[in-house]
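As a plain string of letters, each chain reads:
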Amino acid sequence: MFDPKWIRDNPDAFDSGRRRRGLPPLAEAVLALDTRRRTAQTAWQEMQARRNELSKQVGQLKAKGGDASAVMAEVAALKDQMAGAELDEQQAARELEDLLAQQPNLPAAEVPDGADESANRVEREIGQRRNFAFQPRQHFELGEALGLMDFATAAKISGARFVVLKGALARLERALGQFMLDMHTTEHGYTEINPPFLVRDVSLYGTGNLPKFAEDLFRTEQGHYLIPTSEVPLTNIAADEIIDEARLPLRFTALTPCFRSEAGAAGRDTRGMIRQHQFLKVELVSIAHPDESDAEHQRMTKCAENVLARLELPYRVVTLSTGDMGFASQKTHDIEVWLPGQGMFREISSCSNCGEFQARRMKARCRKPGEKGTRLVHTLNGSGVAVGRALIAVMENYQQEDGSVLIPAALQPYMNGLEVIKAHA
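What you see is a predicted model; the values in this text were computed from it and never measured.

1. Notes on the side chain of E336
Along the polypeptide, E336 turns up in strand β11 (residues 331-339). For E336, a relative accessible area of 11% corresponds to the buried category. A distance of 2.6 Å separates polar atoms of two side chains, one belonging to E336 and the other to R316. Once residues within four sequence positions are removed from consideration, E336 is found in contact with P314, Y315, R316, V318, F345, R346, E347 and I348.

As structure tokens, then:
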């Protein structure tokens, strides 16, 4: 969300940022609505001042026994005119807010320009890709051969893009989530939150999911929405708050199911667990001082990287281009894990600095102790990491020629000492 005053002062910068995202200029349309709103507001204020002046005259005339009817008629006429000006101001303000609510954040200066993922910039690659003496299989081939990954039963129960995990694989997914939570809370300083999985529309508006991405959300008949990510409830902890700057940054983490309709994913990743309607994810959210968000972004990315390093999974960090970054983000680092079964890197975490974009929508501010003025906080979010994709990565990178899967050393304490998953384990 944008401040119309900032656009008034920086129309060229606003349109330049939009061009970098491949979007047409919009400053002129925004300023026309803003001018209409402010003109109506000024007219109302002038009429209010005139009405107050005339009301005094009515009192003075009546006190002297004079005829106040003409002045009273003018007061009545002004009342009607004021109602019209107020209506026009409200309508222009609503149209302006609706227009701006549909617009994505502007990219940071250092974000690479480009139309899509082909322009993304690889920052670093960590870890050695394993040399297999056999043709590595994909996770769903391994899982089905183990008898522990059942897509047919899930389809019978719920339809496409669901899975039933059994036995040791179900436990491995649980172990991954617990391992990540323990790392982020004990080593990285995040506070664990167990948030609601159902949220109101205003919360989704605050994070930028609504109104732009309504089709990707599951909505209940009672009007609640299933969370697409726990970024939504975690970030909204700061909604409508004025936070003492000394308390910043606030760092939250949660392990929750996430629910997405995948409306735009027809024909993509139809096999396996890569893209599902329901999945587990450990989320990281920071509410940061506006002067510290760049450093917090680097820190958050490193926290997510540490998960993959501890699991000894090869990965790379990529800065997304202007054409590939998310709606609310001004800069995003994707962490992509190597999947030998697919023979490619796949996203397992996105860490984004949203600047003040979400904070303006949710009215999240901070203030120095003893001062009256406030500033918008900056919000950041990242996967720390996607649990289902971590399961996929472990299975494909730790697979053995006989179809068994070794358990990474970091996870064995969460698996009651189990070192290998074999068929029917």
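Now that the structure is up, let's keep going.
2. Concerning the UniProt feature "binding site: ATP" (unreviewed entry) in the protein
The UniProt record marks R260, S261, E262, E347, I348, S349 and S350 with the feature "binding site: ATP" (unreviewed entry), using the residue numbering of this structure. If you trace the backbone, S261 turns up in the loop between β8 (250-259) and β9 (278-288). With a relative accessible area of 16%, S261 lands in the buried category. Of the polar contacts made by the side chain of S261, one reaches the backbone oxygen of E215; its length is 2.6 Å. Residue class for S349 comes out buried when judged on its relative accessible area of 0%.

3. A closer look at the pairing of strand β10 (residues 315-319)
The element β10 is largely enclosed, with a buried count of four among its five residues. Of the strand pairs in this sheet, β10 and β11 are connected by five bridges, and their pairing is antiparallel. Bridge pairing in β11 places Y315 opposite V337.

4. Overview of helix α7 (residues 167-186)
Between its first and last C-alpha atoms α7 spans 28 Å; for 20 residues at 1.5 Å apiece the expected length is 28 Å, and the two agree. Among all positions of α7, only A168, L169, L172, E173, A175, L176, G177, F179, M180, L181, M183 and H184 are buried.

Quick notes on the rules
Residues numbered from 1 in each chain as written. Predicted model: local features only at pLDDT ≥ 70, side-chain atom pairs only at ≥ 80, totals over all residues. Heavy atoms only, no water. Helix = DSSP H or I, 4+ residues; strand = E, 2+ residues; numbered from the N terminus. Buried < 20%, exposed > 50% of the residue type's maximum accessible area, 1.4 Å probe, protein only. Polar contact = N/O pair within 3.5 Å; in protein donor to acceptor, adjacent residues only side chain to side chain. Contact = heavy atoms within 4.5 Å. UniProt positions renumbered as here; feature names shortened; annotations may be inferred. Pairing = 2+ DSSP bridges. Expected span 1.5 Å × (residues − 1).

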